[in-house]
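Summary of the model geometry
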Amino acid sequence: MKETTITLTINGRTHEPAVQPNETLLQVLRKRGYTDVKSGCEKGDCGACAVLLDGDAVNSCLVLARQADGGEVVTNSGLGTLDDPHPLQEAFADAGAVQCGFCTPGMIVSAKALLDRNRNPTEEEIREAIAGNLCRCTGYAQIVDAVQLAAQRMSAKTGGES
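As a starting point, this report considers the structure included with it. (Residues numbered from 1 in each chain as written. Predicted model: local features only at pLDDT ≥ 70, side-chain atom pairs only at ≥ 80, totals over all residues. Heavy atoms only, no water.)

**Description of the nonpolar core**
For soluble globular proteins, nonpolar side chains are generally found buried alongside one another. We count it as follows: Throughout, nonpolar core names a set of buried Ala, Val, Leu, Ile, Met, Phe, Trp, Tyr and Cys residues whose side chains join them through atoms within 4.5 Å. Think of it in three bands: residues with accessible area under 20% of the maximum for their type are buried, residues over 50% are exposed, and the middle band is partly exposed, with areas taken using a 1.4 Å probe on protein chains only. Only DSSP runs of H or I reaching four residues or more are called helices, and only runs of E reaching two or more are called strands; each is numbered from the N terminus. In what follows, residue pairs with any heavy atoms lying within 4.5 Å of each other are defined as contacts.
Among the nonpolar cores identified, the biggest contains 26 residues, and Leu88, Phe92, Met107, Leu115, Ile143 and Val147 are the most heavily contacted of them. Mapped by element, the contributors of at least two residues to this core are β5 (50-53), α2 (87-94), α3 (104-117) and α5 (141-158). The contacts of leucine 115, once residues within four sequence positions are left out, are Leu88, Pro121, Val147, Ala150, Ala151 and Met154. By size, the runner-up hydrophobic cluster in this structure holds 18 residues, among which are Leu25, Leu26, Tyr34 and Ala68.

**A closer look at the sheet that holds strand β6 (residues 56-59)**
Condition: DSSP calls a pair of strands paired once it identifies at least 2 bridges connecting them. Between N-to-C directions, angles span 0 to 180 degrees; the directions come from axes that are lines fitted to C-alpha atoms, helices contributing only their stretch in contact.
The five strands lie next to each other as β3-β2-β7-β5-β6, forming an open sheet whose pairing is mixed. Every other strand in the sheet has two partners, leaving β3 (13-15) and β6 as the edge strands with one partner each. Averaged over all neighbouring strand pairs, the angle between strand axes comes to 35°, with direction disregarded. Across four bridges, β5 lies against β6 in antiparallel orientation. Bridge pairing links leucine 52 to alanine 57 in β6.

**Considering the side chain of histidine 15**
Applied cut-off: Think of a polar contact as two N or O atoms within 3.5 Å of one another; within protein, one of them needs to be a possible hydrogen donor and the other a possible acceptor, and neighboring residues in sequence only count if both atoms come from side chains.
In this structure, histidine 15 sits in strand β3. The exposure class of histidine 15 is buried, given its relative accessible area of 12%. Within the structure, histidine 15 has its side chain in polar contact with the side chain of tyrosine 34 (distance 3.0 Å). The residues contacting histidine 15, other than those within four sequence positions of it, are Ile6, Thr7, Leu8, Ile10, Arg32 and Tyr34.

**Describing the pattern of salt bridges**
The test is simple: Each reported salt bridge corresponds to a side-chain nitrogen of Lys or Arg within 4 Å of a carboxyl oxygen of Asp or Glu.
One pass over the structure, following the stated rule, counts five salt bridges. In this structure, aspartate 45 engages lysine 43 in a salt bridge whose closest nitrogen and oxygen atoms are separated by 3.8 Å. By relative accessible area, aspartate 45 is classed as partly exposed at 45%. Relative accessible area serves as the criterion here: at 57%, lysine 43 is assigned to the exposed category.

**Concerning α5**
For clarity, the cut-off: A helix is expected to span 1.5 Å multiplied by its residue count minus one. Arc definition: directions from the helix axis to the C-beta atoms.
Taking 1.5 Å per residue as the helical rise, α5 with its 18 residues ought to reach 26 Å, and the 26 Å between its terminal C-alpha atoms agrees with that figure. Of the positions making up α5, those classed as buried are Ile143, Val144, Ala146, Val147, Ala150, Ala151 and Met154. Looking straight down α5, one finds that the buried residues subtend no more than 160° of arc, so they occupy a single side. Facing away from the buried side of α5 by over 90 degrees, the exposed positions are Gln152 and Ala156.

**Some details on the packing of α2 against α5**
Operational definition: Small angles under 35 degrees read as roughly parallel and large ones over 145 as roughly antiparallel, with 65 to 115 read as roughly perpendicular and the rest as oblique. In this scheme the handedness of a crossing depends on how the near helix is turned from the far one: anticlockwise by less than a right angle means left-handed, clockwise means right-handed. Side-chain classes are defined by residue name, with Ala, Val, Leu, Ile, Met, Phe, Trp, Tyr, Cys and Pro counting as nonpolar, Asp, Glu, Lys and Arg as charged, and the others, Gly among them, as polar.
It is at 8 Å that the axes of α2 and α5 come closest, and there the two elements cross at 135°. One finds that α2 runs oblique with respect to α5. For the pair α2 and α5, the sense of crossing is right-handed. Contacts between α2 and α5 involve Pro87, Leu88, Glu90, Ala91, Phe92 and Asp94 from the former and Ile143, Ala146, Val147, Leu149, Ala150, Arg153 and Met154 from the latter. Classifying every residue of the contact of α2 with α5 by side-chain character gives 10 nonpolar, no polar and three charged.

Right under this line is the structure:
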C-alpha cells in the first residue's frame, strides 16, 4: 500500500504524517503520543476515541486519516492544562464525573461540541450529545451534572453570551 503525506493541525500544532490508505485518525493520533485519545472498541461503539474534527465530535476510529487531511483536530488535552483547565475538565472533577477515567476524554470532547452549539442545554440534550460515549462506572448522572455545571460556569463567565 502506498503511503500518502497528510497535514493535520492537532491541538494547535501542525503535523505532516505519512499514512497508509487504511490507517485511521485514531492510529495516527496514538502514534504521535496523543494518549488521551483512547483506543476502546475500534468500531465506533464506545466513544473513547472521540475528538473534535473541525469542531464536530467524531469517533477517530471511524475516520480514515486521509479523510482528515487539512483538518483541525482537538483532543481533550488540547482543551486545557493542569494549571489552566477548561471549564468542562474542571466541572468533571468537581462533580465527581471521573472514576476510572477511560471514557472521560471522549465524554469531555463530546460535551464540548454540544456546548459550542448550545450554551444552555437541557438534560435531554446533554444525554443525547453523550449517547455515543459509554461509561461503565458513573451511571451518567455525575457526567450530566458536570456538563450542566460547566455550562453554568461558562455562561456566568461570558455574561450569558455565546
